[in-house]
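Overview (structure and organization)
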Amino acid sequence: ADARAQNVARRAEHLLVSGIAARDDDELLSMANTLPDSDWDLVRIDGPFEAALERIRTMKGAAWRPGLMAAALVIIRSAANGQPERLAAMRRQHAIAALGEALAELSRAAAQLIQDSEQLDAWLANVIEALGWLAGDETATGDASANEVVQAEASPVAETLERTMRDFPDLPKLQVIGAGGLGWLRLSPNNEDEEPRRDAAASVLRGLRSHGDGAMTCLALLSFGWLSFAHPPTGALLTKEGAARLMVEAMQRHPLNVRIQYYGCGTISWLVKDASGGATRVIRDAGGVETTIASMRLHPDAGRSLQVAGCMALTGLMISGKAIMQQTVVSLGGTEAILAGMRNHNEDRKVLLASTICLHMLLSGASGAEISHIRFGEAGGCEGLRRAMEWALETATQESGEPDTEKLQLADHILEVILVVGRGGKTEAVSALIEDGAIVPVMKRLLIRSPGDTGFIKSLQQWLTQVFHLNVGPVGWLLYDVEQVRAGLERVVMAHLEDLHGSITPAHAGITLRLIVPVVSGIVRQHRRGEVAALSSVPEAVERHASILCAFACIEPALLHKELRFLVDHPRLLTLEAKRAWLACERQRLEILGRKAVRVETGRTSILNDLCGTLAVEGAANAVGLSVNFRGEAAAGDGLRREWFRLVARELSDPAVNLFASYDGGRTLQPSPTSSVQEGAEGSYFQLAGKVVGLALLHGETLPMRFSGPFLKRILGHVLTPEDVQAVDPDSYKGIQFVLETDDVESLCLTFSEVSDHPADVVLSEDTRGSHAHFDLVPGGSEIEVTEKNKNEYVRLKVEHKLGLLRCRSQIDAFVKGLHEPL
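Every chain is numbered independently, its residues counted from 1 as its sequence is written. With pLDDT at 70 or above as the cut-off, local features in this predicted model cover only qualifying residues; side-chain atom pairs require 80 or more to be listed or tallied, and sums for whole chains, interfaces and linings still use all residues. The side-chain numbers reported here are obtained from all heavy atoms of the structure, hydrogens and water having been left aside.

1. Some details on the overall build of the chain
Counting from the N terminus, the helices are DSSP H or I runs at least four residues long and the strands are E runs at least two residues long. In terms of helices and strands, the chain carries 41 helices and six strands. Here the chain holds 823 residues, and 53% of them are scored as buried. Considering only contacts in the chain between residues 6 or more positions apart, those separated by 24 or more positions represent 71%. Only the protein chains shown count as covering a residue, and every accessible area follows the Shrake-Rupley method with a 1.4 Å probe. Here the chain has roughly 36800 Å² of accessible surface; of this, 51% comes from carbon and sulfur atoms. Only protein chains enter the accessibility calculation, which uses a 1.4 Å probe; a residue is then buried when its area is under 20% of its type maximum, exposed when over 50%, and partly exposed in between. Pairs of residues are marked as contacts when any of their non-hydrogen atoms sit within 4.5 Å.

In structure tokens, the structure reads:
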């Protein structure tokens, strides 16, 4: 419909602007009528409407061309009955005055322009119909300047219309549609003058009684609707004199005439607003409810206007007729008709809004609610609501980036209907809400409504409490025993995670953090409740999505202390980014708890000596903050801290200091076996180095020190394996593997002593001239034979020795102790 509307509009604009010949008028008129009235408001360009208005202004005397005028009037009428912004623009361009002039011109030159009285009658009616839509309900656009134009131009145009009606008293269509037009232009709710009301009512009644003429009936219905809206007392008078009954009969007599059905439904919606007029009872007794529903079901895709008018009529009837009318609408198939219209116009805001409001009335009634919910469920109502909500939210951001308030209002109405469905308490309905996936768009809307955590969680808790009758507290909203609800949520959430394909965008982040993460946390809790053995495990489905859960944790690290705590309990599931996020969050938490900061004052030389004095102060190891000042310098800030970490790292790794050594050409560092460490001394340089690394991790700072893989494994408490040797010494790896695999290790005559060519052993050897040295893996190792019983211990020590770490145990222990102090 959208694409067709644009194509027709562009062609129509071209024909209107290009000065087409009279022979082309029929093509233009046919093209203008190609689109239903309701589809013209899909047109996003203003050219056709401006061109049509310009044509009407210039078409006088000899320039009069019936086909061209007819096409221009169709376009203007459709524009006036479409978007409020476009209606306001046309009013500001003085379209009402232009049509008034066209009406006067047509009246003056009637004999010359149109010889046939029926044609003249039809032409005058066309002009008045377009005029009525332009002038009616002056406040409809909400545009003050446009309203002022209507007030200024309505009175003189009304005089022209009255004069035309007096000049041609025998033209029936003119008299019928003119009565409604004068209702828009002249009558106001406070007007108590009986004569114009009586005259208008008589004209409309004559039109409704002309049973054989569909066009006359259509105009009469339109006038009836205009009068009922503009001046409710006239609508009540018409109803009292039988107009409402005649209207229903006309709809029943012309079931295939979409315009009659549309004007009839629209008039019903306007009539029943005035409960004192008695229209609801008359319409019900005349079969108006059945007729409206039948019209919607017969024309589900004929045009949005009919669906909107039908829903508005049913809503008005239920409001004025209360419980008995709700039961009638449900029993006659109103629920199915509304949902069918939603399916056929599932990307049309007006239809979805009118349908949603009507469904709310149907489902929330105290009487007959049970059958309403059953019919709603059987007709696939939850699926329809989900689709409508998803469309509204997907299109709720305009090209400018600003939110589309109309789409968000639609989403709110849908949210209310879903709430009513849940309150109905029917297991089938609640199950359908879950299984159809309506939960996810609901949470998206709640998030948009309350972007702050507190507001969202509050809305979420209230909604779940109301829908599922759950007692949702601050501990978490998945701690409940509604198995069906929990299982459904879990299915929806896991499917959503699959759809993300391992990556997350800002658009996904909010809904995922506040809906998906709590559900996943609930899945883990339920898993751990199941069996004692499961306490140390994570469900396979959750583990499969660990990387994206870590991505959520990076966005909101506090989750690692709450819903995603299980990731911290299973560090293998954490990505490096998530670990960094957790450390930063932990530091902030400790700062909030009052852990003080360390203040370091140092020079740019002898940094280690200054650092020893600072970190040796009681309580310094437990501090989380770190501020640095260089003596004699006035600068301050995080930049100084980064510079300080760089200088400390450079001094720690200085070969002259001899704390760390490299055995791969300077690429990586590990403790030097020749460094001196005094056990238990608080000023130990290795303990100091560990503290520095811990503080750097805590502050997210990078140290220019690349430690070797084996050293990192020892820091983390991992066991070194023969595979670690393979990377640095393939021959030794083969030997170690042979020892492990042989069944007769005693025959190898091995002892816990090594002939080593490792640089550290050679340096420490008493034989300074050799390139090899003897090294005992344990004290007195040369006297201890390797047996089947102790060979695993032998291999462990040999691996650690081959990697250069066996001689450095005390240094490594001191480093780890220092590392853990700030962490």
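2. Regarding a negative patch on the surface
Residues with no salt bridge and a relative accessible area higher than 30% make up the patches, which join like charges within 9 Å and nonpolar side chains (Val, Leu, Ile, Met, Phe, Trp, Tyr) within 5 Å. Salt bridge criterion: a side-chain nitrogen from Lys or Arg within 4 Å of a carboxyl oxygen from Asp or Glu. Lys and Arg are tallied as positive, Asp and Glu as negative. Neither His nor the chain termini are counted. To locate a charge, take atom NZ for lysine, CZ for arginine, CG for aspartate or CD for glutamate. Together, D743, D744, E746 and E785 make up a region of like negative charge exposed at the surface. Looking at the secondary structure, you find E785 in the loop between strand 6 (773-776) and helix 40 (791-802).

3. Observations concerning the packing of helix 38 (residues 730-741) against helix 40
Two numbers describe a pair of packed helices, the interaxial angle and the distance between the axes. It is at 10 Å that the axes of helix 38 and helix 40 come closest, and there the two elements cross at 170°. Considering their axes alone, helix 38 and helix 40 lie roughly antiparallel with respect to each other. Where helix 38 approaches helix 40, its residues S732, I736, V739 and L740 are matched on the opposing element by K791, N792, Y794, V795, K798, V799 and K802. Partitioned by chemical class, the residues of the contact of helix 38 with helix 40 number six nonpolar, two polar and three charged. To define axes, lines are fitted to C-alpha atoms, for helices over the stretch in contact only, and angles between the resulting N-to-C directions are given on a 0 to 180 degree scale. In these notes the angle categories are as follows: under 35 degrees is roughly parallel, over 145 is roughly antiparallel, 65 to 115 is roughly perpendicular, and the rest is oblique. Three residue categories are used. Nonpolar comprises Ala, Val, Leu, Ile, Met, Phe, Trp, Tyr, Cys and Pro, charged comprises Asp, Glu, Lys and Arg, and polar comprises the others, including Gly.

4. Quick look at the side chain of T335
With respect to the secondary-structure elements, T335 resides in helix 19 (residues 334-344). Assessed through its relative accessible area of 2%, T335 is described here as buried. Contacts of T335, omitting those with residues within four sequence positions, involve V330, L359, L362, R375 and F376.

5. With respect to the pattern of salt bridges
A full pass over the atoms with the stated rule returns 23 salt bridges. When the shortest N-O distance is used, the salt bridge between E105 and R108 registers 3.0 Å. Taken as a pair, E105 and R108 lie in helix 6 (residues 95-108) at a separation of three residues, close to a single helical turn. Across the pair K798 and E754 runs a salt bridge whose closest N-O atoms are separated by 2.6 Å. Of this pair, K798 sits in helix 40 while E754 sits in strand 5 (residues 753-756), and the two are 44 residues apart along the sequence. Using a relative accessible area of 7% as the deciding quantity, one classes E754 as buried.

6. Quick notes on helix 11 (residues 194-209)
To estimate how far a helix should extend, the number of its residues minus one is multiplied by 1.5 Å. Taking 1.5 Å per residue as the helical rise, helix 11 with its 16 residues ought to reach 22 Å, and the 22 Å between its terminal C-alpha atoms agrees with that figure. Among all positions of helix 11, only R197, A200, A201, S203, V204, L205, G207 and L208 are buried. Elements in contact with the buried residues of helix 11: helix 10 (172-185), helix 12 (214-230), helix 13 (232-240) and helix 14 (243-253).

7. A few points about the packing of helix 11 against helix 13
Between helix 11 and helix 13, the least distance of the axes is 10 Å, while the angle of their chain directions is 50°. Here helix 13 runs oblique to helix 11, going by the angle between their axes. You can see that helix 11 and helix 13 cross each other, and the crossing is right-handed. Each of R197, R198, A201, V204 and L205 in helix 11 lies in contact with helix 13, whose residues at this interface are P233, T234, L237 and L238. Looking at side-chain class alone, the contact of helix 11 with helix 13 contains six nonpolar, one polar and two charged residues. Rotating anticlockwise by less than a right angle from the far helix to the near helix defines a left-handed crossing, while the corresponding clockwise rotation defines a right-handed one.

8. Focus on unusual backbone geometry
For H94, which is not glycine, the phi torsion reads 65° and is therefore positive. As for its position among the elements, H94 is in the loop between helix 5 (84-92) and helix 6.

9. Here we look at the confidence of the model for the chain
The predictor attaches a confidence to each residue, called pLDDT, with possible values from 0 through 100. Looking at the chain, the pLDDT average stands at 76 and 73% of residues meet or exceed 70. Taken element by element, the predicted model of the chain shows its lowest mean pLDDT in helix 26 (residues 453-468) (52) and its highest in helix 17 (residues 288-298) (91). Contacts from residues 450-457, a stretch scored under 50 in pLDDT, to residues over four places away or in other chains number 10 contacts. Of the regions scoring below 50 in pLDDT, residues 677-683 engages in eight contacts with residues more than four places distant in sequence or in other chains.

10. Observations concerning the environment of R186
As for its position among the elements, R186 is in the loop between helix 10 and helix 11. Using a relative accessible area of 34% as the deciding quantity, one classes R186 as partly exposed. Between the alpha carbons of R186 and P196 there is a distance of 9.1 Å; along the sequence they are 10 residues apart.

11. Quick look at the nonpolar core
Residues I283, L359 and L385 are the most contacted members of the largest nonpolar core, which totals 130 residues. We define the nonpolar core as a collection of buried residues of types Ala, Val, Leu, Ile, Met, Phe, Trp, Tyr and Cys that are connected through side-chain atoms lying within 4.5 Å of one another. The next biggest cluster of nonpolar side chains, apart from the first, holds 54 residues, and it includes V598, F686, L720 and L797.

12. Some words on the packing of aromatic side chains
Centres within 6.5 Å make a pair out of two Phe, Tyr or Trp rings, where for Trp the six-membered ring is used; the pair is then stacked when the planes are under 30 degrees apart, edge-to-face when over 60, and tilted otherwise. Counting across every chain of the model gives 12 aromatic pairs. Taking the centre distance of 6.4 Å and the plane angle of 55° together, the rings of F660 and F711 count as tilted. Here the residue F660 occupies a position in strand 3 (residues 660-661), and F711 occupies one in helix 36 (residues 709-715), the gap between them amounting to 51 residues. For the pair formed by F660 and F711, the shared burial category is buried.

13. Some remarks on the state of the cysteines
Disulfides are defined as cysteine sulfur pairs within 2.5 Å. Counted according to the given criterion, the structure contains zero disulfides. Of all cysteine sulfurs in the structure, the one in C554 sits closest to C550, which takes part in no disulfide; the separation is 6.8 Å.

14. So, the side chain of S269
Its location among the elements puts S269 in helix 15 (residues 258-271). S269 gets classed as buried once you look at its relative accessible area, which sits at 6%. A polar contact is formed between the side chain of S269 and the backbone oxygen of G266, at a distance of 2.6 Å. Aside from chain neighbours lying at most four places away, what touches S269 is M312 and A313. Distance and chemistry together define a polar contact, namely a pair of N or O atoms within 3.5 Å, with one atom able to donate a hydrogen and the other to accept it when in protein, and with adjacent residues in sequence counting only for side-chain atoms on both sides.

15. What to know about the environment of R77
Inspection of the secondary structure puts R77 in helix 4 (residues 66-80). Owing to a relative accessible area of 9%, R77 belongs among the buried residues under this scheme. Once the C-alpha coordinates of R77 and G132 are considered, the two residues, 55 residues apart in sequence, prove to be 8.6 Å apart.

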